[in-house]
Protein chains: 2
Amino acid sequence: MVTSTTILDRAHEIFDAHLGVNKLRRTPERFAILKEVYECDDHFDIESLYTSMKEKKYRVSRATLYNTMELLLDCELVRKHRFGEQQAHYEKSLHHKQHDHIIRTDTGEVIEFCDPRIQNIKATLEDIFDLEISHHSLYFYGTPRGKQKEKV
Amino acid sequence: MVTSTTILDRAHEIFDAHLGVNKLRRTPERFAILKEVYECDDHFDIESLYTSMKEKKYRVSRATLYNTMELLLDCELVRKHRFGEQQAHYEKSLHHKQHDHIIRTDTGEVIEFCDPRIQNIKATLEDIFDLEISHHSLYFYGTPRGKQKEKV
DNA sequence: TTGGGTGCAAATTCTTTGCAATCTC
DNA sequence: GAGATTGCAAAGAATTTGCACCCAA
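None of these values were measured; they are calculated from a predicted model.

A.B. asks: I'd like a description of the packing of helix H3 (residues 46-55) of chain A against helix H4 (residues 62-74) of chain A, backed by residues and values.
C.D. replies: For any two helices packed against each other, one specifies the crossing angle of their axes together with the interaxial distance. Residue and element names in this part refer to chain A. The contact between H3 and H4 brings their axes to 10 Å, and the two run at 120°. When the axis of H3 is compared with that of H4, the two are oblique. Between H3 and H4 lies a crossing whose hand is right-handed. On H4, the residues touching Ile46, Glu47, Leu49, Tyr50 and Met53 of H3 are Arg62, Leu65, Tyr66 and Met69.

This is how it looks when you write it as structure tokens:
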């Protein structure tokens, strides 16, 4: 048996520090939400987060969820996505290797991948346009071979 | 003086064919919208399209705009974006060299760029995951050097 | 003529806001 | 205690839908 620091612990520290530095309050809701987010291994939206917390008898309002997600975005503990639908999706991002996504257009399934060439492109762009690029979003959309939509 | 085929002409042909093949009606609204879209050199949203058509005395309902954009997306005459806000943005896409975008996080300004390595990444992914990738969306977010946000 | 398309307004969906009550600091 | 934060419900913004009327085929 070993004592170990989990990713949630680490996230908790970062969040705690962020709250401290920005003089924000350490409310139980905020930490409960962080925990829920970090216990989820998938992408999720506000509604499903709301539901799963409610099921676990931890009731927070949607307003608080939206608020807290903003804080978590600020300290980069979560990432926000718009896969194309209306609603935003989120995923935890700490110690989660930088990656991008492929969205299956037939099922909506999300595949993660990692390609170093994206960093090269980023570096090139920073040089060409004299920019500081903070982040990016990249999605490829497709279907398994031999299973493309047979649209007219 | 020469007779030439404009991009709008070509788009018109493609749209016309698409409507024909799918047994959809060639209504004046649809062509008016196509024209408006192709006369716009920027990215736009439904609301601004609605307004600019209204100003030109061509009144179409928002519902028709949304409908028609779907058709134009189907035949790839426009591309749809979600730069991060709620509302979707569109841009004409015919004869518009494949490109991606950099969004300035300070001003919202959109810079277009083109990098062939993206096609390489796409090809790699298709091989690895045995997929047929139909399209992608890539955005880099950043600010000019020496002008980053000074957030705590 | 006839079913697809249009406009309008109402309905939905997702997110934000206002405000009284509550809880950190 | 003071002021930030919460929950709730109402407001907003973007998009979709229902339906009577209209028009392209």
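A.B. asks: How would you sum up the protein's contact with DNA strand C? Please name residues and give values.
C.D. replies: Residues in contact with DNA strand C amount to 20 residues; listed here are only the nearest, Tyr66 and Gln87 of chain A together with Arg25, Ser61 and Thr64 of chain B. Within 4 Å of the protein, the contacting atoms of DNA strand C are drawn from sugar and phosphate to the extent of 72%. Taking Thr27 of chain B, its side chain carries an N or O atom lying 2.9 Å from a phosphate oxygen of DNA strand C. Here a phosphate oxygen of DNA strand C sits 2.8 Å away from a polar atom, N or O, in the side chain of Ser61 of chain B. When contributions to the surface near DNA strand C are tallied by element, the ones reaching two or more residues are H4 of chain A together with helix H2 (28-39) and helix H4 (62-74) of chain B.

A.B. asks: Can you break down the environment of Tyr141 of chain A residue by residue, with the values?
C.D. replies: Residues and elements named next belong to chain A. Among the secondary structure elements, Tyr141 is positioned in strand S5 (residues 131-144). Under the relative-accessibility criterion, Tyr141 is labelled buried at 12%. Polar side-chain contacts of Tyr141 include one of 3.0 Å to the backbone oxygen of Phe83.

A.B. asks: Which residues make up the relation of the copies chain A and chain B, and what are the values?
C.D. replies: Mapping chain A onto chain B calls for a screw motion: a turn of 180° about the axis and a shift of 0.0 Å along it, with 0.1 Å RMSD after fitting. This pairing of chains is accounted for by a two-fold axis. Across chain A, the smallest distance between a C-alpha and the rotation axis is recorded for Leu138 of chain A, namely 2.1 Å. Interface residue correspondence from chain A to chain B reaches 100%, placing this contact among same-surface, isologous pairings.

Scoring rules and cut-offs
Residues numbered from 1 in each chain as written. Chains lettered and ligands numbered in written order. Predicted model: local features only at pLDDT ≥ 70, side-chain atom pairs only at ≥ 80, totals over all residues. Heavy atoms only, no water. Axes fitted to C-alpha atoms, helices over the stretch in contact; angles between N-to-C directions. Helix = DSSP H or I, 4+ residues; strand = E, 2+ residues; numbered from the N terminus. Parallel < 35°, antiparallel > 145°, perpendicular 65-115°, else oblique. Left-handed = near helix turned anticlockwise from the far one by under 90°. Contact = heavy atoms within 4.5 Å. Near = heavy atom within 4 Å. Polar contact = N/O pair within 3.5 Å; in protein donor to acceptor, adjacent residues only side chain to side chain. Buried < 20%, exposed > 50% of the residue type's maximum accessible area, 1.4 Å probe, protein only. Least-squares fit on C-alpha atoms with pLDDT ≥ 70 in both.

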